[in-house]
Amino acid sequence: MSAADLNLLQRPNDRLRRRRLVNLGMEVLAWLAAAIAVAILGIVVWSVAKKGAGALNLDLFTKSQANASLFGGPVRQGLANAFVGTLIVVGLATLMALPFGILIAIYVNEFAPRAIKSLVGLTLDVLAGVPAIVIGIFVFSLIVVAHGQSAYAGGFALAVIMLPFVARATIEVLALVPNSLREAALGVGAPRWRVTLGVVLPQTIGGVLTGATLAVARVAGETAPLLYTCSLVAQGTHWNPSQPLQTIPVAIFELSESASTDDQALAWAGALVLILFILFASLGARWLATRSRRKMLGAVR
Amino acid sequence: MSSTIEAAVRVETKRQPLPPRERLEQVFDVQDLTAIYGSKAALKDVSMEVYKNLVTAVIGPSGCGKSTFIRCLNRMNDLVPSFRQTGTIRYHGQDIGARDVDPVAVRRTIGMVFQRPNPFPKSIYDNVAWGLKVLGMKDDLSERVERALTQAALWDEVRDRLKASALGLSGGQQQRLCIARAIAVEPDVVLMDEPASALDPIATQKIEQLLHELKQEYTFVIVTHNMQQAARVADMTAFFSISRGEEGERWGELIEYDETEKIFTAPSDKRTEDYVTGRFG
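Keep in mind the model is a prediction, meaning the values are calculated, not measured.

## Some remarks on the overall build of chain B
Right, so step 1: Of the regular secondary structure elements, chain B holds eleven helices and ten strands.
Right, so step 2: Computed over the C-alpha atoms, the radius of gyration of chain B is 19 Å, within 12% of the 19 Å expected from 2.2 N^0.38 for a compact globule of 281 residues.
Right, so step 3: The buried share of chain B, taken over its 281 residues, is 46%.
Right, so step 4: Long-range pairs, those at least 24 residues apart, make up 72% of the contacts in chain B with a sequence separation of at least 6.

Okay, structure coming up:
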């Protein structure tokens, strides 16, 4: 660098000063945007925690909801029936969506011609964007009109919502499996299905579980489809999926409209548990994802 | 004859002269093979034979279609959607390019080792055993695994850690594991697509030694762009080169195919001589 250039660098320079100022301003704006996102989550969690903490005790998990308006309202009640119901409904949804989603992903990534591949991809994106309430009405007209409400119907509605998430996530991890691995397996004379089941799919278990966990977290809080399909519930804790079962989001929805402050506190406690569940599920999914990615990249090199 | 040719020949190990070609058993008989990706020909009009229990090297500059050629020999190109081929490839007299031939059956008898070591992310043992299990060769599984690893000169290095992940092996060990995996299922032919190009000289030397020992049992076709390697390991050598059309299109062509010694000492084509003496490529 010549001496003249050095002079230019050392001289106080208006343009440089202005650029630094603009840079600083933009950095602050970007930082603020990020901070606001974190703050919103913080405020939501904090306010839910504050209002729900009062009802957060062992009874919440061991006792069922009682109908306050009929019996004058017991002093302490819980949401055990809703937790059981959510467990069953979401479990059913996962049982339906997971194998189906994995099969879609295997077809799309391993066997489908390019045109069908992008068509199915587009379909999945559109399906993921369909409002939950529309899926609720759809399942209502498909199942509930003829057979009445049940945990099966609720599970089916949630499965429709889960499906594109599970399929998408699985397609993404399948695409990460290096082709050299498929060639290696084909090279020893293995048929395609053995290659897919024996070599490709085991590589993706972590990623598939991640996608499934995120999908579970996503549908665990869905309310609208369940209102149509699984909301007219009997009192007490039930395990029979051919009946409609109470679920956490529907319980929150109903309790929050109650005049009783006990009920409202119960709704907040349910909301807190739901948020914590989703938080831990997402963290778990993240941990699984980094773990399986590391494993997979180790396979390439 | 230039000194470069002599240098190339000197590194070659002492070899027995080959019997006349009519007396060798043909494994592959390739006639007018043209390989096309999309609308672009990667390889045009290749005709050559591959003989049993010999090492046949395919050499040539990058882009001359060497890899495409050997991937045609076990239908590996089937995986590429836009690929098609014309001409015939007879394997012991049977046309394996035909539509009704099961590519899986072809790959069972014609194994492959790839450019970069690609062990399965399974244990060392399972890497070799997986193919055996898939093909139903489940009797004496452990013995078969041990035999394959021994043949691939890897047994002594891994016998104490068969359950360990194959990904923990060095690159050279991984490649020998891939060779063990390929020969465990008792193929007739083993195709090798630049098997040593990602390896250091010592690992390369081990693999070349393997070829010498294993060719009693198998037929090898090896792609390499290392001419010394071809000179060292191959009995027959095919030289491929790039041809250019009038409109600038490029395709690979078989220029000359002969005994390795002839290719490196007295090539009959000027292009072969230019390549093996280092004037081109």
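## Structural notes on the overall build of chain A
Right, so step 1: Along its length, chain A carries 13 helices and zero strands.
Right, so step 2: When the elements of chain A are put in sequence order from the N terminus, they spell out α-α-α-α-α-α-α-α-α-α-α-α-α.
Right, so step 3: Within chain A, contacts between residues at least 6 apart in sequence are counted, and of these 77% link residues at least 24 apart.

## Remarks on the packing of helix 5 (residues 141–151) of chain B against helix 7 (residues 171–184) of chain B
When two helices pack together, their arrangement is given by the angle between the helix axes and the distance between those axes.
Residue and element names in this part refer to chain B.
Right, so step 1: Contact geometry of helix 5 with helix 7 gives a least axis separation of 8 Å together with a crossing angle of 130°. Here helix 5 is positioned oblique relative to helix 7, judged by the angle of their axes. Here the hand of the crossing between helix 5 and helix 7 comes out right-handed. In this structure, helix 5 uses R144, V145, A148, L149 and Q151 to contact helix 7, whose residues at the interface are A180, I183 and A184.

## Remarks on the packing of helix 5 (residues 80–111) of chain A against helix 8 (residues 151–176) of chain A
All names here are of chain A.
Right, so step 1: Where helix 5 contacts helix 8, the two axes come as close as 6 Å, and the packing angle between them is 35°. When the axes of helix 5 and helix 8 are compared, the crossing they make is right-handed.
Right, so step 2: Looking at the contact of helix 5 with helix 8 residue by residue, the class counts come to 25 nonpolar, seven polar and one charged.

## Overview of the interface of chain A and chain B
The accessible area lost on association of the parts is a frequent measure of interface size.
Right, so step 1: The partner chain B presents 20 residues to the 18 residues of chain A that form the contact.
Right, so step 2: Elements represented by at least two residues in the side of chain A that touches chain B include exactly helix 9 (179–187), helix 10 (192–220) and helix 13 (261–300) of chain A.
Right, so step 3: The element best represented in the side of chain A that touches chain B is helix 9 of chain A, accounting for six residues.
Right, so step 4: Of the residues assigned to the side of chain A that touches chain B, the class counts are nine nonpolar, six polar and three charged.

## Overview of the sheet that holds strand 1 (residues 26–37) of chain B
All names here are of chain B.
Right, so step 1: Across the sheet, which stays open at both edges, the ten strands sit in the order 5-4-1-2-10-9-3-8-7-6 with mixed pairing between neighbours. Here the strands that pair on one side only, and so sit at the sheet edges, are strand 5 (94–95) and strand 6 (110–113).
Right, so step 2: Note that strand 3 (residues 55–59) and strand 8 (residues 219–223) share four bridges and pair parallel. Opposite T56, over in strand 8, you have V221 as the bridge partner.
Right, so step 3: Set on the sheet, helix 2 (residues 66–73) makes contact with strand 1, strand 2 (40–51), strand 3, strand 4 (83–91), strand 6, strand 7 (189–193), strand 8, strand 9 (236–244) and strand 10 (250–259); between it and strand 8 the angle comes to about 150°.

## Details of unusual backbone geometry
Residue and element names in this part refer to chain B.
Right, so step 1: Backbone geometry at D32 places phi at a positive 50°, although glycine is not the residue there.
Right, so step 2: As for its placement among the helices and strands, D32 is situated in strand 1.
Right, so step 3: A positive phi is found at E194, a non-glycine position, where the angle reads about 45°.
Right, so step 4: In this structure, E194 sits in the loop between strand 7 and helix 8 (201–214).
Right, so step 5: Its 21 C-beta neighbours within 10 Å are what place E194 among the buried residues.

## Focus: the nonpolar core
Right, so step 1: Membership of the largest hydrophobic core comes to 161 residues, with the highest contact counts inside it found for M162 and V166 of chain A together with A180 of chain B.
Right, so step 2: In terms of residue count, helix 8 of chain A provides more of this core than any other element does, 18 residues in total.
Right, so step 3: Residues in contact with V166 of chain A, not counting those within four places in the same chain, are A97, L98, G101, G211, A212 and A215 of chain A.

## Side note on the domain arrangement of chain A
Residues and elements named next belong to chain A.
Right, so step 1: In terms of domain boundaries, chain A breaks down into domain 1 (3–55) and domain 2 (59–300).
Right, so step 2: Opposite the seven residues of domain 1 that make contact, domain 2 presents eight residues.
Right, so step 3: Along the lines of polarity and charge, the residues of the side of domain 1 that touches domain 2 split into four nonpolar, two polar and one charged.

## Topic: the pairing of strand 2 of chain B
Residues and elements named next belong to chain B.
Right, so step 1: With eight bridges joining them, strand 1 and strand 2 adopt antiparallel strand pairing. Bridge assignment links Q26 to a residue of strand 2, and that residue is Y51.
Right, so step 2: Count of turn residues in the strand 1/strand 2 antiparallel hairpin: two residues, of which G38 carries a positive phi of about 65°.

## Digging into the pairing of strand 10 of chain B
All names here are of chain B.
Right, so step 1: Where strand 2 lies against strand 10, two bridges are found, and the strand directions are parallel. Within strand 10, the residue paired with K44 across the bridge is E253.
Right, so step 2: In this structure, strand 9 lies alongside strand 10, joined through nine bridges in antiparallel fashion. Looking at strand 10, one finds that M236 is bridged to E259.
Right, so step 3: Where strand 9 hands over to strand 10, the hairpin turn is made up of five residues, of which G248 adopts a positive phi near 85°.

## Points about helix 9 of chain A
Right, so step 1: Three or more residues of helix 9 of chain A are buried, namely L181, A184, A185, L186 and G187 of chain A.
Right, so step 2: One or two positions beyond helix 9 of chain A, positive phi appears at G189 of chain A, with a value near 95°.

## Re the confidence of the model for chain B
All names here are of chain B.
Right, so step 1: Averaged over all residues, the pLDDT of chain B is 89; the fraction at 70 or higher stands at 94%.
Right, so step 2: Counted against residues more than four places away or in other chains, residues 7–13, with its pLDDT under 50, gives 15 contacts.
Right, so step 3: As scored by the predictor, the complex reaches a pTM of 0.80 and an ipTM of 0.85.

Calculation notes
Sequence order as written defines the numbering, with residues in each chain counted from 1. Labels follow written order: the first chain is A, the first ligand is 1, and so on. Owing to the predicted nature of the model, reporting of local features is limited to residues with pLDDT of at least 70; listing and counting of side-chain atom pairs is limited to 80 or more, with chain, interface and lining totals taken over all residues. The secondary structure listing takes helices from DSSP runs of H or I that are at least 4 residues long and strands from runs of E that are at least 2 residues long, numbered from the N terminus. It is over C-alpha atoms that the radius of gyration is taken, and the globule rule equals 2.2 Å times the number of residues to the power 0.38. Every C-beta atom is placed from the backbone, and the number of other C-beta atoms within 10 Å of a residue's own sets its class: buried at 20 or more, exposed at 12 or fewer, partly exposed in between. Two residues qualify as a contact pair if the distance between their C-beta atoms, derived from the backbone, is within 7 Å. The angle between two axes is taken between their N-to-C directions and runs from 0 to 180 degrees, where each axis is a line fitted to C-alpha atoms and a helix contributes only its stretch in contact. Any angle that falls under 35 degrees is termed roughly parallel, while one over 145 is termed roughly antiparallel, one within 65 to 115 roughly perpendicular, and all others oblique. When the near helix sits turned anticlockwise from the far one by under a right angle, the crossing is termed left-handed; a clockwise turn instead gives a right-handed crossing. Here the nonpolar group is Ala, Val, Leu, Ile, Met, Phe, Trp, Tyr, Cys and Pro; Asp, Glu, Lys and Arg are the charged ones; every other residue, Gly included, is treated as polar. By this definition, two strands are paired if DSSP reports at least two bridges between them. Nonpolar core, as used here: buried Ala, Val, Leu, Ile, Met, Phe, Trp, Tyr and Cys residues forming one set through C-beta atoms within 7 Å. Domains are outlined according to an automatic or database domain assignment. Confidence of the predictor at the level of single residues is captured by pLDDT, which takes values from 0 to 100.

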